[in-house]
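# Coordinates in review
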Amino acid sequence: MRVSQFFLSTLKEAPAEAELASHRLMLRAGLIRRLGSGLYNWMPLGLRVLRKVEAIVREEMNKAGALELLMPAVTPAELWQETGRWEVFGPQMLKIKDRHERDFCFGPTHEEVITDIARKEIRSYKQLPLNFYQIQTKFRDEIRPRFGVMRAREFVMKDAYSFHTDKASLEQTYEVMYQTYSNIFTRLGLQFRAVRADTGAIGGTGSHEFHVLADSGEDAIAFCPDSDYAANVELAEALAPTTPRAEPAQAMQKVHTPGAKTIEQLCDFLKVTPQQTLKALAVMHNDAFSLLLLRGDHELNEIKLQKILDPFRFATPEEIERHMGGKAGYIGPVGVSVNIIADRAVTAMSDFVCGANDEGYHLAGVNFGRDLPLPTQVADIRNAVAGDPSPDGKGALEICRGIEVGHIFQLGNKYSQAMEATYLDENGQHQVMEMGCYGIGVSRIVGAAIEQGNDDRGIIFPEAIAPFQVAIAAIGFDRSETVREAAVKLHDELQNAGFDVLLDDRGERPGVMFADLELIGIPHRITIGERGLKEGQVEYQARKGGEMQTVALAEVQNFLKEACLA
RNA sequence: CGGGGUAUAGCUCAGCUUGGUAGAGCGCUGCGUUCGGGACGCAGAGGCCGCGUGUUCAAAUCACGCUACCCCGACCA
């Protein structure tokens, strides 16, 4: 491909809307253009990348025995009403009416549609198991679309759904998909991690998310460097402390702490660490008041709390005063008779600081057993933090951030039951199918890959998904017959040899060409100029860095073959 | 949804406080000079100042309404 026949639309400055590196670079490189909130045009350059991602996903899915099909993006309301998700999905679902005032939605996912296919088409256990997938545009009306294609409303997703006679078969396919996903992300050239995920209300026995590791990721992942344990921080169990509570060393005393309403202010004021403080959070469960106790440096995990109090909400200042007798900002567990739920870590605290239930005062040197009873209700209600022991007992947890690009799920029979997707078993009896589902955020992967691969000059694409593998920067293309001939010849040769090659034939100044080619992230660059051609040589530069190398023109093809494999 | 902010040339932004009829840089077009890391000169094109209603002799500028877009949003007691 020649630049003069292609469409490069690079920008020196990024539009103000973008804050994330990958979003800025995708706009600057001209991969995408915004059409509306959460809606993006994929420009020719960007589409090449997207298609390469799709191709790898498709190849690996096929290899795993999954069968590609294609379902409509617009789906009738009746199917969603059968499972109740017409209501459950809520405003995230884009609902539309046709000319006859019939209800439809733009599919946010396709469990209902595929289950409808299964119940109509599958009769016998002999047909199972089956794994169908599609690569298709989805729409979810996100509350706040952001980060470009990373959290867009319309996006491309690969979604697969498997059907089974029993759980054992489902688990088998789940394992195959787990491996397939690992293969896909490895081939894509991404650093990723499979993490345990919430099985939540949907039930089922297993679920893993696949995360591309990046500091800007929206999810926090707790992982153990000494084992393969990894879980979303929301799910990672914070174990009970193993060290016993220290004996009281201080007497309890009331200290005047004017204005110290937050843990941070309190620590500043009393010159203590957050670990020595105890914070109390007031929540309401229906009409019942509860006081939650957490160590000052820990955060409440609402998902965990919800398993104890569902639903719950934070108490209003009026409710706090009514139940505690003290003002918000200075509440504590000493001398009160309300329901108390303590985090596990709290039970190991001694000589701690907490609110005195008296505006402007805290208590210091507080100890369980002496100044107040040890809480009877103790639970894991906090987020795991770095340094916590790993739940699998092998070392300490670390926290990193990730971008969720894949999710595999053992669904069980939630949808097949609701929609009566059954088959006849060996005994001629109707049985409900077991289902699994497996998603990959195809368009999000492009953003995630750039998030993981970029520098101050632009994008650094992994070899496998770069829009072009090799760029030829022809210096003086417009005015040097020698350069023109050599560049075109090299371009044709490389193309015939199977390289995805882009020839910059614009005759631009070298700086302009280099800047553009680096911005769009092409992994390999060959520079052809009159100077080198006199010696029969060209220059090679890898996008990832490394020294500029001189290569004999005749050797370029072999050289690139090695470079591309490396 | 709640809070905050922005809207002026293709992009990044100034002008608005103090009303007087539109600006810069980049990009784009033409010509010339340049030519191994985003060149330079000259000449151009390009704007219903988001939309609407008011105030005024006069509105990008002031007021009100609308729309779009962006940012933040448990608690840290």
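Naming follows an unreviewed UniProt entry, where chain A appears as Proline--tRNA ligase of Novimethylophilus kurashikiensis. What UniProt states about chain A under its Sequence similarities (unreviewed entry) heading is, verbatim, "Belongs to the class-II aminoacyl-tRNA synthetase family. ProS type 1 subfamily." Quoted verbatim from the Subunit (unreviewed entry) field of the UniProt record, the comment on chain A reads "Homodimer."

A count of helices and strands for chain A gives 15 helices and 31 strands. With the C-alpha coordinates aligned to their principal axes, the bounding extent of chain A is approximately 90 × 70 × 50 Å. Residue burial in chain A is summarised as follows: out of 566 residues, 51% are buried. The contacts in chain A between residues at least 6 apart in sequence include a share of 68% that link residues at least 24 apart.

Quick look at the side chain of His211 now. Residue position: His211 is located in strand β10 (residues 207-213). With relative accessibility at 0%, the residue His211 sits in the buried group.

This part takes up helix α2 (residues 44-63). Each α-helix winds once per 3.6 residues, and so residues spaced three or four apart point in a common direction. Here α2 contains 20 residues, and its C-alpha end-to-end distance of 28 Å stays within 8% of the 28 Å for a straight helix at 1.5 Å per residue. Along α2, the residues classified as buried are Leu45, Gly46, Val49, Leu50, Lys52, Val53, Glu54, Ile56, Val57, Glu60 and Met61. On its buried side, α2 packs onto β2 (39-42), β7 (130-139), β8 (154-164), α6 (167-187), β24 (434-441) and α11 (442-452). Of the residues flanking the end of α2, it is Gly65, one or two places downstream, whose phi is positive at about 90°.

What follows deals with unusual backbone geometry. Of note, the bond from Leu128 into Pro129 is cis; its omega dihedral lies within 30 degrees of zero at -5°. Although it is not a glycine, Phe147 adopts a positive phi angle of roughly 60°. Checked against the element boundaries, Phe147 lands in the loop between β7 and β8. Judged by its relative accessible area of 16%, Phe147 falls in the buried class.

Those residues of helix α9 (residues 317-324) that sit buried are Glu319, Ile320 and Met324. One face of α9 carries all of its buried residues, which in axial projection span an arc of 105°. Among the exposed residues of α9, those oriented more than 90 degrees off its buried face are Glu318 and Arg322. As for α9, its buried residues are in contact with β14 (278-285), β15 (288-295), β16 (313-314) and β18 (352-358). Of the residues trailing α9, Gly325 is marked for its positive phi of about 75°.

Moving on, we get to the packing of aromatic side chains. Across all of its chains, the model carries 11 aromatic pairs by this definition. Considering the side-chain rings of Tyr181 and Phe185, the 6.1 Å spacing of their centres and the 85° angle between planes classify their relative orientation as edge-to-face. Pair noted here: Tyr181 and Phe185 are both in helix α6, with a separation of four residues, about one helical turn. Across the pair, exposure class does not vary: Tyr181 and Phe185 are buried alike. Taken together through their ring pairs, the aromatic side chains of Tyr178, Tyr181, Phe185, Phe192 and Phe210 make up a single cluster. In this structure, Lys95 is placed above the aromatic ring of Trp86, and the distance from its NZ or CZ to the ring centre is 4.7 Å. If you follow Arg525 out to its NZ or CZ, it ends over the ring of Phe514, 3.9 Å from the centre.

Taken together, 45 residues form the shell around RNA strand B, and within it Arg144, Lys261, Thr262, Ile263 and Glu539 come nearest. In RNA strand B, the atoms that sit within 4 Å of the protein are 50% sugar and phosphate, with bases accounting for the remainder. Glu302 has a polar side-chain atom sitting 3.3 Å from a base nitrogen of RNA strand B. If you list the elements that add at least two residues to the surface near RNA strand B, you get β14, α13 (510-519) and α14 (530-533). With seven residues, α13 is the single largest residue contributor to the surface near RNA strand B. Of the residues contributing to the surface near RNA strand B, the split by class is 19 nonpolar, six polar and 20 charged.

Here we come to the environment of Gln179. Note on placement: Gln179 falls in helix α6. With a relative accessible area of 43%, Gln179 lands in the partly exposed category. Residues Gln179 and Phe89, spaced 90 residues apart in sequence, show a C-alpha to C-alpha distance of 30 Å.

Cut-off values and rules
Residues numbered from 1 in each chain as written. Chains lettered and ligands numbered in written order. Predicted model: local features only at pLDDT ≥ 70, side-chain atom pairs only at ≥ 80, totals over all residues. Heavy atoms only, no water. UniProt positions renumbered as here; feature names shortened; annotations may be inferred. Helix = DSSP H or I, 4+ residues; strand = E, 2+ residues; numbered from the N terminus. Buried < 20%, exposed > 50% of the residue type's maximum accessible area, 1.4 Å probe, protein only. Contact = heavy atoms within 4.5 Å. Expected span 1.5 Å × (residues − 1). Arc of directions from axis to C-beta. Phe/Tyr/Trp six-rings, centres within 6.5 Å; stacked < 30°, edge-to-face > 60°. Lys NZ or Arg CZ within 6 Å of the ring centre and 35° of its normal. Near = heavy atom within 4 Å. Polar contact = N/O pair within 3.5 Å; in protein donor to acceptor, adjacent residues only side chain to side chain. Nonpolar A, V, L, I, M, F, W, Y, C, P; charged D, E, K, R; others polar.

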